[in-house]
Each structure stands twice: as C-alpha cells, then as structure tokens.
Amino acid sequence: SQQGEEDPQALSIQEGENATMNCSYKTSINNLQWYRQNSGRGLVHLILIRSNEREKHSGRLRVTLDTSKKSSSLLITASRAADTASYFCATDAGLAGRRALTFGSGTRLQVQP
Amino acid sequence: SAVISQKPSRDICQRGTSLTIQCQVDSQVTMMFWYRQQPGQSLTLIATANQGSEATYESGFVIDKFPISRPNLTFSTLTVSNMSPEDSSIYLCSVSFGAYNEQFFGPGTRLTVL
C-alpha cells in the first residue's frame, strides 16, 4: 500500500517561477528520497534526506524534512521547461529485512515556457 | 550510483503469452527490486529479488504470475506470465546502494498487452 501522499497532484507554473511539492507519510522512517520521472520513463534519483536531517540542497533543488509532522517538501527554484515531469517521494521505513521503498502518489509538474 | 539497463525497453504482447524482462547492473549489488507502475499511477513493489534464493513477493503478487530469477549480483529477470490487458504497465527494476539504502532505477520496460 502507498504510505505517501503528495500534493498538489498537479501543478502548472511559468518558467522562472518556483515550484513546491509536498509529501506526507504515516510511519517513522530512516530516510526519504525524491525522484523525477519524465513521461513514463525511468526514475531519476534527486535527493536522499535522512531522518536526522532537516534540509538538503542540490543545485536548484531544496528538500526539507519535518519528522514531527511526517512531511517533506521539494522546492525547485527558477524552474525551466525541462523540469516538466512527475515527481515522487519514497520512504524507507528502515525495517529489518525490508529495504524496498514505499512511494507517494506523485505530483505532475508542468512548466510553461 | 550505477548504470542500470533493462531489456526490452518496450513490447506489445498478445493476451495469454509471457514476457521476460532483464535487468543488468554494471556493479555488484546485494539488493534488487522489481516495481510495477500502472498507467497514471505510482510505483508498487512486486518483489525483492534475492541472490541465491527465492524472491520475496509482496501481498497481491505471486510467483506463478511473476517468476523472478537472480542468478548473480549483477543480473535479474522478471517474467510476466499468462498476460492479460490488466498487466499493461511499466516494469522497473531498482538497486540499493550504501548504508542509507539509496535506490536507483532502470529505464523501465513499457508493456502493452492486447
């Protein structure tokens, strides 16, 4: 079952604007990972944030994690048309013998040129 | 990270037939997983491919329908057996690296069953 919910389900912005996507989950986690998927292709790994971290940056990406609220956000600054994709969060519950990830429902981002 | 390839990248199959999907990694990995992504949906774990032993299947997925092989630490196959149109999905393999279980995905196999 999917433990993560993402909002919004869809987001349309203009090039140059910032895009923020949110992810909520239900159980405690070891880490949370964000992925990008371009029109039904493979997933590209963006960032892993550990449960003891609050914020991470990678280029134009900024991820925050609030374990007390069981939520994370992905911010893309100065968006580009090439950022158009679906974005997924995935949680690692850190259970013994189980390393598979549980995925959120995803946010479809459309960046208008 | 690693370079992960999948074959085929896409296929169109007839109902009742079977398709075997291959996943190749350019380095040895302990953990490999197979996921399914139905049209417009998120990813659902099918099974964990264990090297040297039977795969561990998630609820709702059975070995007779989705047999998995893992002959070594760089290769795995997933077979979709006796296909029906409901099996039309993207099938993705992933591998886990490091103590923090950072997971990377193959490019996926887009399967259409007529």
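Conventions we followed
Residues numbered from 1 in each chain as written. Chains lettered and ligands numbered in written order. Predicted model: local features only at pLDDT ≥ 70, side-chain atom pairs only at ≥ 80, totals over all residues. Heavy atoms only, no water. pLDDT = per-residue confidence, 0-100. Helix = DSSP H or I, 4+ residues; strand = E, 2+ residues; numbered from the N terminus. Buried < 20%, exposed > 50% of the residue type's maximum accessible area, 1.4 Å probe, protein only. Contact = heavy atoms within 4.5 Å. Salt bridge = Lys/Arg side-chain N within 4 Å of Asp/Glu carboxyl O. Buried area = accessible area lost by both parts, 1.4 Å probe. Polar contact = N/O pair within 3.5 Å; in protein donor to acceptor, adjacent residues only side chain to side chain. Nonpolar A, V, L, I, M, F, W, Y, C, P; charged D, E, K, R; others polar. Core = buried A, V, L, I, M, F, W, Y, C linked by side-chain atoms within 4.5 Å. Disulfide = S-S within 2.5 Å.

### Quick look at the confidence of the model for chain A
1) Next: Averaged over chain A, the pLDDT score is 91; the fraction of residues at 70 or greater is 95%.
2) Next: Mean pLDDT across the secondary structure elements of chain A bottoms out at strand β1 (residues 5-7) of chain A, with 81, and peaks at strand β7 (residues 61-66) of chain A, with 98.

### Thoughts on the environment of Val-29 of chain B
All names here are of chain B.
1) Next: Mapped onto the elements, Val-29 comes out in the loop between β3 (19-25) and β4 (32-37).
2) Next: Given a relative accessible area of 3%, Val-29 falls into the buried group.
3) Next: Considering only alpha carbons, one finds Val-29 and Phe-97, 68 residues apart in sequence, at a separation of 7.1 Å.
4) Next: Excluding residues that lie within four positions of it along the chain, Val-29 makes contacts with Arg-70, Leu-73, Val-95, Ser-96 and Phe-97.

### Comments concerning the pattern of salt bridges
Where charged atoms of side chains with opposite charge meet at close range, the side chains can pair.
1) Next: Taken as a whole and assessed by the stated rule, the structure comprises four salt bridges over all chains.
2) Next: Arg-60 of chain A is the partner of Asp-83 of chain A in a salt bridge, and the nearest nitrogen-oxygen pair spans 2.9 Å. On the criterion of sequence distance, the pair formed by Asp-83 of chain A in the loop between β8 (71-76) and β9 (85-92) and Arg-60 of chain A in the loop between β6 (55-58) and β7 is long-range, its members being 23 residues apart.
3) Next: By relative accessible area, Asp-83 of chain A is classed as buried at 8%.
4) Next: In this structure, Lys-65 of chain B and Asp-87 of chain B form a salt bridge, with 2.6 Å as the shortest nitrogen-oxygen distance. In this pair, Lys-65 of chain B sits in the loop between β6 (56-57) and β7 (68-72) while Asp-87 of chain B sits in the loop between β8 (75-80) and β9 (89-97), placing the two residues 22 residues apart along the sequence.
5) Next: For Asp-87 of chain B, a relative accessible area of 5% gives the class buried.

### Observations concerning the interface of chain A and chain B
1) Next: Of the residues lining the interface, 22 residues belong to chain A; the matching set on chain B comes to 24 residues.
2) Next: For the pairing of chain A and chain B, the buried interface totals around 1,700 Å² over both sides, and the portion due to carbon and sulfur atoms is 51%.
3) Next: Here chain A and chain B share zero salt bridges between them.
4) Next: Here chain A is connected to chain B by twelve residue pairs in polar contact (both at pLDDT 80 or more).
5) Next: Sorting the residues of the side of chain A that touches chain B by element identifies β4 (31-37), β5 (43-50) and β9 of chain A as the ones contributing at least two each.
6) Next: Partitioning the side of chain A that touches chain B into residue classes produces seven nonpolar, ten polar and five charged.

### Describing the nonpolar core
1) Next: With 26 residues, the main nonpolar core has Trp-34, Ile-46, Phe-66, Ile-68, Leu-78, Tyr-91 and Leu-111 of chain B as its most contacted residues.
2) Next: Of all the elements in the fold, those that place two or more residues in this core are β3, β4, β5 (43-49), β8, β9 and β11 (109-113) of chain B.
3) Next: Residues Ile-13, Ile-47, Leu-61 and Leu-109 of chain A belong to the second largest nonpolar core, which totals 21 residues.

### With respect to the state of the cysteines
All names here are of chain A.
1) Next: Under the criterion given, the structure shown has two disulfides over all chains.
2) Next: One disulfide in the model links Cys-23 with Cys-89; its S-S distance is 2.0 Å. Around the S-S axis, the bridge from Cys-23 to Cys-89 shows a dihedral of about 70° and counts as right-handed. With Cys-23 in strand β3 (residues 19-24) and Cys-89 in strand β9, this pair connects stretches of sequence that are 66 residues apart.
3) Next: The exposure class of Cys-23 is buried, given its relative accessible area of 2%.

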